[in-house]
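What follows is the residue order along each chain.
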Amino acid sequence: MLEMLMEEHLVSVVGIVDIDPGAPGLALARQYDIPVFHNAEEAMHACAPCVAFNMTHNEMLESVASEILGAGGVIGGMEAKLIWRIISNMKEAKAELHFQASHDALTGLYNRRHMMEQLHQGVSQALRYCHSYAVVMLDLDHFKRVNDEFGHAAGDVVLSAMASILRESVRDADIAGRWGGEEFLVLLPHTDLDGARRAAEQWLKRLAMTALSVGDDRYLHVSFSAGVATIEPADIKDAGNDAVKSMVEHLLHIADKRLYRAKEQGRNRVIAGDG
């Protein structure tokens, strides 16, 4: 409730009261420098004129609040329940909209727009603190053939399986997303070229060993091709004023270039160098 009210421009929260000194609401209020109280009457006298929101549904408290704040000075009972329900629904809807705006609907991974935001942030931190940063761009092999021979539902199974492997395999600090179509992108902070290559090869091994059911007792084994690119501390020392943008473009270009070399060399492999 307090979080929602703090986001509402038409409302100013002038105080919060709870008899429990350790109540989460009081801790949050202190973060925003909102006065906290442990006695309701004291709080209302200190904050008047105001409107009190009675979350306890205590009728005696409402009676006291009415005497101090006057008619219409307290919201409680059914009104409080309805407002609480409305605010809760709004919070859930807001969270759902945020999820939809940043995630791919099919795989549940982050979408391209969110990945670009995270990539810029990650590169910025790598440049600031001078640490390695890697990206892995991967593309499922023969994906069009899967759709043509087994149907788009089978294609969705393959995409979802790849997403599950990434979710289960990447570190907490890594960020995996669907880049578009059958392409995925994984961001790996504090990771050098060899470390990113070994990680991608583990994902490839897991995918190749997974039998994917596409209905009617039919199973598929699929693979991917991947390109790896990194920022190394030696590169960071020579970074210019427009370094973040240029480094992001460089990483994506090199990863994409190596991905297509992997395709040209027979697919089902990870390319992490120019040799």
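The text that follows walks through the structure, step by step, so that each part is easy to find. Everything numeric here is computed off the predicted structure, so don't read it as measured data. (Residues numbered from 1 in each chain as written. Predicted model: local features only at pLDDT ≥ 70, side-chain atom pairs only at ≥ 80, totals over all residues. Heavy atoms only, no water.)

Points about the pattern of salt bridges
So, step 1. Inspection of the entire model under this criterion finds ten salt bridges.
So, step 2. Measuring nitrogen to oxygen at the nearest pair gives 3.3 Å for the salt bridge that ties R178 to D104. Of the two residues, R178 is situated in strand β6 (residues 175-180) and D104 in the loop between α5 (77-102) and α6 (112-129); the sequence distance between them amounts to 74 residues.
So, step 3. Take R178: its relative accessible area is 16%, and that puts it in the buried class.
So, step 4. Residue D104 is classed as buried on the basis of its relative accessible area of 17%.
So, step 5. Residue D148 pairs with K144 through a salt bridge whose shortest N-O separation is 2.8 Å. (Salt bridge = Lys/Arg side-chain N within 4 Å of Asp/Glu carboxyl O. Helix = DSSP H or I, 4+ residues; strand = E, 2+ residues; numbered from the N terminus. Buried < 20%, exposed > 50% of the residue type's maximum accessible area, 1.4 Å probe, protein only.)

As for the packing of aromatic side chains
So, step 1. Taken as a whole and assessed by the stated rule, the structure comprises zero aromatic pairs.
So, step 2. Here the guanidinium or amino end of R112 rests over the ring plane of W179, the centre of that ring lying 4.0 Å away. (Phe/Tyr/Trp six-rings, centres within 6.5 Å; stacked < 30°, edge-to-face > 60°. Lys NZ or Arg CZ within 6 Å of the ring centre and 35° of its normal.)

A word on the sheet that holds strand β7 (residues 183-189)
So, step 1. Sheet architecture is open: five strands sit in the order β6-β7-β5-β10-β11, paired in mixed fashion. Both outer strands of the open sheet, β6 and β11 (269-271), are each paired with one neighbouring strand and no more. Each adjacent strand pair in this sheet contributes to an overall mean axis angle of 20 degrees, direction not counted.
So, step 2. Pairing of β6 with β7, which is carried by five bridges, proceeds in the antiparallel orientation. Bridge pairing in β7 links I175 to L187.
So, step 3. Of the strands in this sheet, β5 (133-140), β6, β7 and β10 (224-231) are in contact with helix α8 (residues 152-169), which crosses β7 at around 5 degrees. (Pairing = 2+ DSSP bridges. Axes fitted to C-alpha atoms, helices over the stretch in contact; angles between N-to-C directions. Contact = heavy atoms within 4.5 Å.)

A short note on the pairing of β5
So, step 1. Buried residues dominate β5, accounting for eight of its eight residues.
So, step 2. Here β5 shows a buried face lined by Y133, V135, M137 and D139 and a second buried face lined by A134, V136, L138 and L140.
So, step 3. The pairing of β5 with β7 spans seven bridges and is classified as antiparallel. Within β7, the position partnered with D139 by the bridge is E183.
So, step 4. Alignment of β5 against β10, held across eight bridges, turns out to be antiparallel. Note on β10: the bridge partner recorded for V135 is A229.

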